[in-house]
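This is what each chain is made of:
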Amino acid sequence: MRLKIASLVLAILPVIVTSASADDRRILDVLLKKGIITQNEYDEILKEAAEEPKPPAKGETKSSIADEIQKAVETQKAADKQKATIDKQAVKEGQEKGFLRALKEGFTPSDSDYEKAPYTPMLLHLRRQERFGFHLHNLEGRYSDQAGLNTDIPGNTKSQFQVATAELEASGYIFPGLLFAQVVIEPRDNLGRGLGDSIAKNIPPGNNAPSGILRDGFADLVLSEPEMVIRVGQQRIPFGIEPQTPGGLLPFTSRAYLDLKLTRNPGLDNTKFSNAEFIQERDIGVQTRGRLWGDKFDYALGVFNGAGINVSDTNNSKDFIGRLGFNPHRGLRFGVSGYEGTQVDIQKASGLRNRIGGDFELTQDLLPRFRFMGEAADGRDGPFERRTWYLSGFYELIPQRTPTSPGLLLGVRYEEMKQNIGGSDDNIYDRWTFGLNYYFLNAVKMSSGYWQQVKFQLEYEIRKHNSLSAAANSTDTFAHNFLIAQLTVRY
């Protein structure tokens, strides 16, 4: 306060003084004694006061130095009082807003860099964040109930609360515009993912069994974005749509049978030929991906170990995986995928492992408020053939108008998985899923590439499995209907 007043005095005195009265001289003496003005300033003010003054305008009354200083003090007091009032109002508004509303506003500050995100990640172009940083990648909490399941069997639970996943991501450019890196760890996963998506999961512990919490760990050499990127490390394999979609961005809480670990259900008769899931999400290798002729085509082609996540290779050969996409119109996509390699099954017997698949996606960009997508794949593991497909449809009950406005999506999916086609021990899984997705937030910040999302999902699955092991039906989770509620936070 004292410093502000002194500054005002120094600004006022040379302007308003035209003749120094005795009172004014005493004020100057005090200011000089306290060191607020220097001797040179003191002499200069007196010199100006001794000069011939300019006559004041008619009716104008000249203020003394004391009056001007008092006025400056009162002005500063009024400003301090106004600031205190504003601070109190801000505290009051914060208390009325509450934690949840403040959290939501913190996720999406009013900023022109934010855009409304589509419901599918396949049609979004995101720039990569320039600075290397850490953020919460995905957090899921859920409640599930499976009526009729035999809970006397160890490991079976009819209903439960779960912290389903918790992922932490570190990503950004190590060398600007050239080398981009990303690492994702998942210390908590109760959904049969993570270490489950590996052929080596079926190998007994001590023999290259998967371990660790690493999900993604790769570096991108950006040759020309988006035309060509070379990716090296542990990564999602380039097959289909769903295997390349992060868990928090899936339209349903459970992955389709195309990318689900059916062998996580111990004791079923299908485990003798089902090695891990039909298409593992991740593997270790190198791939190149990009776009051709603008956005009309996208491609991804890679060479991988073929053993899955967090393990060394299980044989001397490498697996080749790729997808070619065709995008004839905004909101419409088609794709074909292929996988060829050598697998090691649960008996460690080598054999041919191949997959061929097709996918399509039609979004609300082409058909307002509707979205349809589907995938189909056929594959062989040695002498065993498997086939799966699904169709999904969605309708926007409440279209999302802005990045921070709510949206409500109704979804229906039907899918089927046939195991060991034509064999004497054929297994068929089929499932209907009915769900509601309520989006509190669904936005992307184009400058950083972060997809921020808060959504609540409520679903009911009607499951059927014609397992030949009748005695195992009471313990078969794939033969009992499933109710699930899940809250997902992605930042």
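Note that the structure is a prediction, hence the values are computed from the model and not measured.

Novice: Would you explain the overall build of the protein chain in this entry?
Specialist: Per the secondary structure count, the protein chain includes four helices and 17 strands. Within the protein chain, buried positions represent 47% of all 491 residues. Within the protein chain, counting contacts between residues at least 6 apart in sequence, those at least 24 apart form 63% of the total. Entry remark: accessible area of the protein chain is about 24200 Å², with carbon and sulfur atoms responsible for 60%.

Novice: Explain the packing of aromatic side chains to me, please; I cannot follow it from the model alone.
Specialist: Geometry of an aromatic ring pair is reported as the spacing of the ring centres plus the angle between the planes. Evaluation of the coordinates by the stated rule reveals 14 aromatic pairs. Taking the centre distance of 5.5 Å and the plane angle of 80° together, the rings of Y173 and F180 count as edge-to-face. Each member of the pair, Y173 as well as F180, is classed as buried. Through a chain of ring-to-ring contacts, the aromatic side chains of W389, Y414, W432 and F434 assemble into a single cluster. Directly above the ring of F180 sits R128, whose terminal nitrogen or CZ lies 4.9 Å from the centroid. Directly above the aromatic system of F482 lies the positively charged group of R463, at a separation of 4.6 Å from the ring centroid.

Novice: Explain the pairing of strand β13 (residues 384-398) here, please?
Specialist: Moving residue by residue along a regular strand, the side chains alternate between the two faces of the sheet. Sheet topology places strand β12 (residues 370-381) next to β13; twelve bridges connect them, and they run antiparallel. When the bridges of β13 are listed, E375 appears paired with Y390. Here β12 hands over to β13 after two residues, with G382 in that stretch at a positive phi of 60°.

Novice: Is there a simple way to explain the confidence of the model for the protein chain in this structure?
Specialist: On average, residues of the protein chain score 78 in pLDDT, and 71% of them reach the 70 mark or higher. For the protein chain, per-element mean pLDDT is lowest for helix α1 (residues 2-16), which scores 49, and highest for strand β8 (residues 297-304), which scores 96. Scored below 50 in pLDDT, residues 15-19 makes 15 contacts in the model with residues more than four places away or belonging to other chains. Low pLDDT (under 50) marks residues 189-197, which in the prediction has 43 contacts with non-local residues, meaning those over four places away or in another chain.

Novice: Would you take a moment to explain the nonpolar core for this structure?
Specialist: Most often, soluble globular proteins have nonpolar side chains that are buried together. Grouped together as the largest cluster of nonpolar side chains are 14 residues, with contacts concentrated most on I237, F239, Y257, F278, I279 and I321. When sequence neighbours within four positions are dropped, the list of residues in contact with I237 reads Q244, I279, Q280, E281, R282, D283, I321 and Y339.

Novice: Looking at this model, I keep getting lost on the pattern of salt bridges. Mind explaining?
Specialist: Side chains that differ in charge, positive against negative, can pair when their charged atoms come close. Evaluation of the coordinates by the stated rule reveals 24 salt bridges. For E281, the salt bridge is made with R282, and the minimal N-O distance between the two is 3.0 Å. The class of E281 is buried, set by a relative accessible area of 0%. Looking at R282, the relative accessible area reads 2%, which means it is buried. Note that D365 and R330 form a salt bridge whose closest N and O atoms lie 3.7 Å from each other. Taken together, the positions of D365 in the loop between β11 (350-362) and β12 and R330 in the loop between β9 (319-329) and β10 (332-344) put the pair 35 residues apart, joining distant regions of the chain. The exposure class of D365 is partly exposed, given its relative accessible area of 39%. Look at R330 and you get exposed, because its relative accessible area is 61%.

Novice: Could you clarify how one ought to interpret the environment of L168 in this entry?
Specialist: Turning to its location among the elements, L168 is positioned in strand β3 (residues 159-175). Sequence separation between L168 and H135 is 33 residues, and the spatial gap between their C-alpha atoms is 6.2 Å. Sequence-distant contacts of L168, that is, excluding residues within four places in its chain, are made with H135, L136, H137, V183, V184 and I185.

Novice: When you look at unusual backbone geometry in this model, what are you seeing that I'm missing?
Specialist: Negative phi characterises most residues that are not glycine, and trans characterises most peptide bonds. Cis geometry marks the peptide bond from E225 to P226, where omega comes out at 5°. Here P226 lies in the loop between β5 (214-224) and β6 (228-236). Unlike most non-glycine residues, N310 shows phi in positive territory, near 60°. By secondary structure assignment, the location of N310 is in the loop between β8 and β9. Taking relative accessible area as the criterion, N310 reaches 16% and is therefore assigned buried. The backbone of R369 shows a phi angle near 75°, a positive value even though the residue is not glycine. Following the sequence through the fold, R369 ends up in the loop between β11 and β12. Using a relative accessible area of 32% as the deciding quantity, one classes R369 as partly exposed.

Novice: In this structure, what is going on with the environment of Q280? I would like to understand it.
Specialist: On the secondary structure map, Q280 appears in the loop between β6 and β7 (282-292). Judged by its relative accessible area of 1%, Q280 is buried. Linking Q280 and R236, residues 44 residues apart in sequence, is a C-alpha distance of 8.5 Å.

Novice: Looking at this model, I keep getting lost on the side chain of Q453. Mind explaining?
Specialist: Here Q453 lies in strand β16 (residues 450-465). In terms of polar contacts, Q453 uses its side chain to reach the side chain of N442, at 2.9 Å. For Q453, the side chain forms a polar contact with the side chain of K455, separated by 3.5 Å. Ignoring sequence-local partners within four residues, the contact set of Q453 consists of G248, L249, Y439, L441, N442, T488, V489 and R490.

Novice: Is there a simple way to think about the side chain of D359 in this case?
Specialist: Mapped onto the secondary structure, D359 falls in strand β11. Here R323 takes part through its side chain, which lies 2.8 Å from a polar atom of the side chain of D359. Excluding residues that lie within four positions of it along the chain, D359 makes contacts with G240, I241, R323, R333, F334, G335, V336, S337, G374 and E375.

Novice: Explanation requested: the pairing of strand β2 (residues 133-145) in the structure shown.
Specialist: Pairing between β2 and β3: twelve bridges, direction antiparallel. When the sheet's bridge partners are listed, D145 is paired in β3 with S159. Pairing between β2 and strand β17 (residues 482-490): seven bridges, direction antiparallel. Bridge assignment links L139 to a residue of β17, and that residue is V489.

Thresholds applied
- Residues numbered from 1 in each chain as written.
- Predicted model: local features only at pLDDT ≥ 70, side-chain atom pairs only at ≥ 80, totals over all residues.
- Heavy atoms only, no water.
- Helix = DSSP H or I, 4+ residues; strand = E, 2+ residues; numbered from the N terminus.
- Buried < 20%, exposed > 50% of the residue type's maximum accessible area, 1.4 Å probe, protein only.
- Contact = heavy atoms within 4.5 Å.
- Areas by Shrake-Rupley, 256 points an atom, 1.4 Å probe, with all protein chains shown as cover.
- Phe/Tyr/Trp six-rings, centres within 6.5 Å; stacked < 30°, edge-to-face > 60°.
- Lys NZ or Arg CZ within 6 Å of the ring centre and 35° of its normal.
- Pairing = 2+ DSSP bridges.
- pLDDT = per-residue confidence, 0-100.
- Core = buried A, V, L, I, M, F, W, Y, C linked by side-chain atoms within 4.5 Å.
- Salt bridge = Lys/Arg side-chain N within 4 Å of Asp/Glu carboxyl O.
- Polar contact = N/O pair within 3.5 Å; in protein donor to acceptor, adjacent residues only side chain to side chain.

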